[in-house]
Amino acid sequence: MSAIDSYTDLTRAVSKNLTPLRTHNAELMQGFGALSRAALAPGALDEKTKELIAMAIGVASRCDACLGFHAKALVRLGATPEEFREMLGVAVYMGGGPSLMYAANALAAFEEFGAASNPA
């Protein structure tokens, strides 16, 4: 891994950082959740294939949190190392997921610097 010590810790941290958005932007988060469920629902492509596409987009977008969340899903769905390595050659456009991951981290950074400039 690059500067990331643990994708498990990273995904836990991002999930925690999303808490304020779940509270204060509930409609947005519910909409994103509905989009995610609809996009990953089995249809002409199965869920594993769709997660492989999402992982390729996460790689192309350089979204560290996306890598963690989609890797966990692919393990759960039984993706093989061969499938995973082949997927790594795929690049497809995706904006929603990486934008959400960075929005959560941006909010955490804003709150951190806000707290530092307004000591209690």
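Reading the values: the criteria
Residues numbered from 1 in each chain as written. Predicted model: local features only at pLDDT ≥ 70, side-chain atom pairs only at ≥ 80, totals over all residues. Heavy atoms only, no water. Buried < 20%, exposed > 50% of the residue type's maximum accessible area, 1.4 Å probe, protein only. Helix = DSSP H or I, 4+ residues; strand = E, 2+ residues; numbered from the N terminus. Arc of directions from axis to C-beta. Polar contact = N/O pair within 3.5 Å; in protein donor to acceptor, adjacent residues only side chain to side chain. Salt bridge = Lys/Arg side-chain N within 4 Å of Asp/Glu carboxyl O. Expected span 1.5 Å × (residues − 1). pLDDT = per-residue confidence, 0-100. Contact = heavy atoms within 4.5 Å. Axes fitted to C-alpha atoms, helices over the stretch in contact; angles between N-to-C directions. Parallel < 35°, antiparallel > 145°, perpendicular 65-115°, else oblique. Nonpolar A, V, L, I, M, F, W, Y, C, P; charged D, E, K, R; others polar. Disulfide = S-S within 2.5 Å.

1. Some remarks on helix α1 (residues 7–17)
Item 1. Of the residues making up α1, those classed as buried are Leu10, Thr11 and Val14. For α1, the angular spread of the buried residues around the axis is 95°, confining them to a single face. More than 90 degrees from the buried face of α1, the exposed residues found are Arg12 and Lys16.
Item 2. Of the residues flanking the start of α1, the one acting as N-cap is Ser6, its side-chain oxygen 3.2 Å from the backbone nitrogen of Thr8.

2. A short note on the pattern of salt bridges
Item 1. A full pass over the atoms with the stated rule returns three salt bridges.
Item 2. Among the salt bridges present, the one from Lys48 reaches Glu83, with a minimum N-O distance of 3.0 Å. Here Lys48, found in helix α4 (residues 47–61), pairs with Glu83, found in helix α6 (residues 81–87); they are 35 residues apart in sequence, far enough to count as distant.
Item 3. The class of Glu83 is partly exposed, set by a relative accessible area of 28%.

3. Focus: α4
Item 1. Taking 1.5 Å per residue as the helical rise, α4 with its 15 residues ought to reach 21 Å, and the 21 Å between its terminal C-alpha atoms agrees with that figure.
Item 2. Every buried residue belonging to α4 is among Lys48, Lys50, Glu51, Leu52, Ala54, Met55, Ala56, Ile57 and Gly58, and all of these are buried.
Item 3. One or two positions beyond α4, positive phi appears at Arg62, with a value near 60°.

4. Observations regarding the confidence of the model for the protein
Item 1. Mean pLDDT for the protein: 76, with 69% of residues reaching 70 or above.
Item 2. Within the protein, helix α3 (residues 26–40) carries the highest mean pLDDT (94), whereas helix α7 (residues 96–117) carries the lowest (47).
Item 3. Scored below 50 in pLDDT, residues 92–96 shows seven contacts in the model against residues more than four places distant or in partner chains.

5. So, the environment of Phe84
Item 1. Examined against the element boundaries, Phe84 turns out to sit in helix α6.
Item 2. What makes Phe84 partly exposed here is its relative accessible area of 27%.
Item 3. Phe84 has contacts with Leu52, Met55 and Leu74, leaving out every residue within four places of it along the chain.

6. Quick look at the packing of α1 against helix α5 (residues 64–76)
Item 1. Where α1 meets α5, the closest approach of the two axes is 9 Å, and the angle between their N-to-C directions is 105°. Here α1 lies roughly perpendicular to α5, going by the angle between them. Of α5, the residues touching α1 (which contributes Tyr7, Leu10, Thr11, Val14 and Ser15) are Asp64, Ala65, Leu67, Gly68 and Phe69.
Item 2. In terms of residue class, the contact of α1 with α5 is made up of six nonpolar, three polar and one charged.

7. A look at the state of the cysteines
Item 1. According to the stated counting rule, one finds one disulfide in the structure shown.
Item 2. Shown here is the disulfide that connects Cys63 with Cys66, its sulfur atoms set 2.4 Å apart. Handedness of the Cys63-Cys66 disulfide follows from its S-S torsion of about 70°: it is right-handed.
Item 3. A relative accessible area of 3% means that Cys66 is categorised as buried.

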